[in-house]
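Summary of structural features
Here is how the chains run, residue by residue.
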Amino acid sequence: MRVPLSWLREYVDLPATETGRDVQAKLISVGLEVETVEQVGDGIKGPLVVGKVLTIEELEGFKKPIRFCTVDVGQANGTGEPQEIVCGARNFAVGDKVVVVLPGAVLPGDFAIAARKTYGKTSHGMICSGDELGMGDDGSHGIIVLPPEHEVGTDAIELLQLVDEVLDIAVTPDRGYALSIRGVARETAIAYGLPLRDPALLDVPQPNAFGYPVQVSDPMGCDRFTARTVTGLDPEARSPLWLTRRLQKAGMRPISLAVDITNYVMLELGQPLHAYDRSRVQGPIGVRRAEQGEKLTTLDGAKRTLDAEDLVITDDRGPIGLAGVMGGANTEIDDTEGTTTEVVVEAAHFDALSISRTARRHKLASEASKRFERGVDPQAASAAAQRTVDLLVLLAGGTADAGVTEVIAPSAPHTITIPADHPDKVAGVAYGRETVVRRLQQVGCDVYGQDELIVTVPSWRPDLTDPNDLAEEVIRLEGYENLPSTLPKPPAGRGLTDRQRLHRRIGRALAGAGYVEAPNYPFIGEHVFDQFGLTADDPNRKVVKLVNPLSDEEPALRTTLLPGLLGALRRNDGRGSHDLALFETGLVFHPREELKIAVRLPVDRRPTDEEIASLTEALPVQPRHAAVVLTGAREQAGWWGKGRPSDWADAVEAARVLAREAGTELLVRGGQYGPWHPGRCAELAVVVEGVEQVIGYAGELHPGVLKTLGLPARTSAMELDLDVLELASSGVPKGPKISTFPVATQDVALVVDVAVPHAGVEAALREGAGELLESIRLFDVYENAAQLGEGKKSLAYALRFRADDRTLTVDEASAARDAAVSLAGERVGAVLRG
């Protein structure tokens, strides 16, 4: 919202010494975001005067039309003689009043004016256009032709209001009232402690049966509609300079008198208006919802197909405007032919949500919709209509019809009950009842009561809905800078939960293992499940869809972390980073079997445990997962030796790292799921309260999936459920005991069937070896049908034995080894090799 300081002064008697910067600081102190103060006409210097064109001589022989003019500027040039000026514009004639800048003047941009010879003539000054004077867009793009009543020699700087200061305010969605001079003036008056001359305080005639007929069939969408008629307008009347200049400073382009007046009143009072050419309206004006597929050509010339949710203005022919957004072309006031002599003025109040959705649906943001969707004062409609009628009568010579139409849906003012000390508790400052009441009354509230205040909210503040809103008003007007800075004092003994500690340990462990954290947005498109090869009944296909997604291509919340991580891997690989190891921990989302509606929690107290539980039950199930993806080299080659590419075993080892951090045993066995290669996929499981649960998968991704997603060959991945892993956890892992006694190492090579997994053999060896076993490591896998037999493989293990209280003998270590081999033979049919 652009607010000229000269306009603001009409409603608040600011001290003459106050500058735009001073007003900016005051408004910022009460919560308005004044971004800049524009110095309009900064640096401009006269003489700049009104002149009358006496003669025009067309100069021939040049590439473009050139005119040599003599202009009467009175005594402004010191001689009274006609001023000789060369000009290339052609939108003025002999006898016209124009704006003339004389030698010695300075125009915006530090453009100094001097007599100079051009086109064979000497030009003593310039005949000015609006652009040259920094007036903004007036729609003409030519020389300024003034009304004939202005005297020759009059100072044009003051006449055209060229010097001013304009406050540029970024209006937040909750402060729609500030999209008007009236609203900003109210805040200015409060900030300075001065009285406000409210421009909406007008004498408005009572509604009667003689006004233009209006039928509102949707009172929820339009709760107030005022219609006034003005006849006998002069079709040749043009907007006066003061009106066009105020529109230009406010950032609007003058169009025609009737339209300019409605825009002016909208800027002044914040109430959008629309003027219809009465001769082009057929029958009563109506307000209803559109029929699906109805057509309307709006004022911007676009033919639009309407939606059943759109609120429209109609006559007997159908829609003639999108309510609160833009009027229709078929009732437009004709400013080109100048044939409009009767207008119907509409001042209505429309539902903010309906207007907002219509504007976005049709991608048609307008000054009217911007105000309606933020909240417009419904009580200002009658005053705005009256102000428009008064200006049409004054400036266009019209006559106001006695008929006044008002259609109003009954509604009660909004009241809020608030303890008098509530703002004190919110701010931590003792304001006292007197200050609270005074500040609330300043913003327009009616306040009654002592310890318990009953506050009636003003009609122009629909954002005030609960006690905390009122507390905010008191705090901002008293000054946020006056709030004390105090550090919170948390009670002793509280820290991170076990779950939080586990997540942090996991993040540190993966980072220490060479992975880089890559958080991603939690949105996916359902097509990714087809790319992953998930079956039609896979639980991950059941997603939670967003009503208003950021992207139509990703409307659902993720059920797996892999799409985001693989996308990050693909982008980095495409940009030249080919050796990648990425990880992410985050929530995934699964819909509940029974859909529940979330309750609205209170803001004036702490929610009860039951309310929080009810809210939680309405949310999707949100387990936390961890995932890694790898491609390229896992170990770099160099002078120290050969490198090693990443493979499925690294993905499995990442899962083991997480299990170690959780202090639990991870069961790893062959598996098959979704995007993983069926022969290189490990199923990951843990035991929770005696029941084995699958928590994820790890391994190399399927070549078909890699090709579909555009990923490098041999890309591996792992994903598991951290919440279930935590349930299987034994708590914070304990550090190993350090023994001062030496270790005894025994190696065994066992021959087993190819189908027997290493995890089963290791589990049997570990159990059979007993308490003396310190660690076990698989260091060789060998397959040779000629030596081992068909369908056999050899697994070689290094067993480390140690006692805490003595040095083990060879016989003790051998006995433990033999016991381990014996149990492996019983469990998986293992036989010592050789």
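Summary of the structure given here. (Residues numbered from 1 in each chain as written. Predicted model: local features only at pLDDT ≥ 70, side-chain atom pairs only at ≥ 80, totals over all residues. Heavy atoms only, no water.)

Most of strand 38 (residues 716–721) is tucked away: six of the six residues are buried. Pairing analysis gives six bridges linking strand 32 (residues 624–631) to strand 38, with the strands arranged antiparallel. Residue pairing for strand 38: Leu-630 is matched across the bridge by Ser-716. Of the pairings in the sheet, the one linking strand 37 (residues 691–701) to strand 38 comprises five bridges and is antiparallel in character. Counterpart to Ala-698 in the pairing with strand 38 is Met-718. (Buried < 20%, exposed > 50% of the residue type's maximum accessible area, 1.4 Å probe, protein only. Helix = DSSP H or I, 4+ residues; strand = E, 2+ residues; numbered from the N terminus. Pairing = 2+ DSSP bridges.)

Read across the sheet, seven strands follow the order 28-31-32-38-37-36-35 without closing on themselves; strand pairing throughout is mixed. Among the strands making up the open sheet, the edge pair consists of strand 28 (516–517) and strand 35 (667–670). Direction of pairing for strand 36 (residues 676–688) relative to strand 37: antiparallel, over a ladder of nine bridges. Within strand 37, the position partnered with Leu-684 by the bridge is Gly-696. Against the sheet, helix 17 (residues 648–662) makes contact with strand 32, strand 35, strand 36, strand 37 and strand 38, and its axis sits at roughly 25° relative to strand 38, the strand it touches most. (Contact = heavy atoms within 4.5 Å. Axes fitted to C-alpha atoms, helices over the stretch in contact; angles between N-to-C directions.)

Here we come to empty space enclosed by the protein. Per the counting criterion, the structure on display carries two cavities of 30 Å³ or more. In this structure, the largest cavity is lined by Gly-176, Tyr-177, Ser-180, Arg-182, Gly-183, Arg-186, Leu-269, Gly-270, Gly-375, Val-376, Asp-377 and Trp-460. Among the elements that line the lining of the largest cavity, the one with the most residues is helix 4 (residues 181–192), at three residues. In terms of residue class, the lining of the largest cavity is built from four nonpolar, five polar and three charged. (1 Å grid on protein atoms, 1.4 Å probe; cavity = no way out; pocket = protein on both sides within 12 Å on 5 of 7 lines; lining within 4 Å. Points joined across faces, edges and corners; volume = space filled by probe spheres on them. Nonpolar A, V, L, I, M, F, W, Y, C, P; charged D, E, K, R; others polar.)

A few words now on the environment of Arg-827. Its location among the elements puts Arg-827 in helix 22 (residues 810–828). Under the relative-accessibility criterion, Arg-827 is labelled partly exposed at 46%. In this structure the C-alpha to C-alpha distance between Arg-827 and Val-761, which are 66 residues apart in sequence, comes to 8.0 Å. Of the polar contacts made by the side chain of Arg-827, one reaches the side chain of Glu-767; its length is 2.8 Å. (Polar contact = N/O pair within 3.5 Å; in protein donor to acceptor, adjacent residues only side chain to side chain.)

With respect to topology, four strands assemble into an open sheet ordered 40-41-39-42, the strand pairing being antiparallel. The sheet is open, and its two edges are formed by strand 40 (773–782) and strand 42 (831–832), each paired on a single side. Inspection of the sheet shows strand 39 (residues 744–753) paired to strand 41 (residues 792–801) by 10 bridges, in the antiparallel sense. Of the residues in strand 41, the one forming a bridge with Gln-746 is Leu-799.

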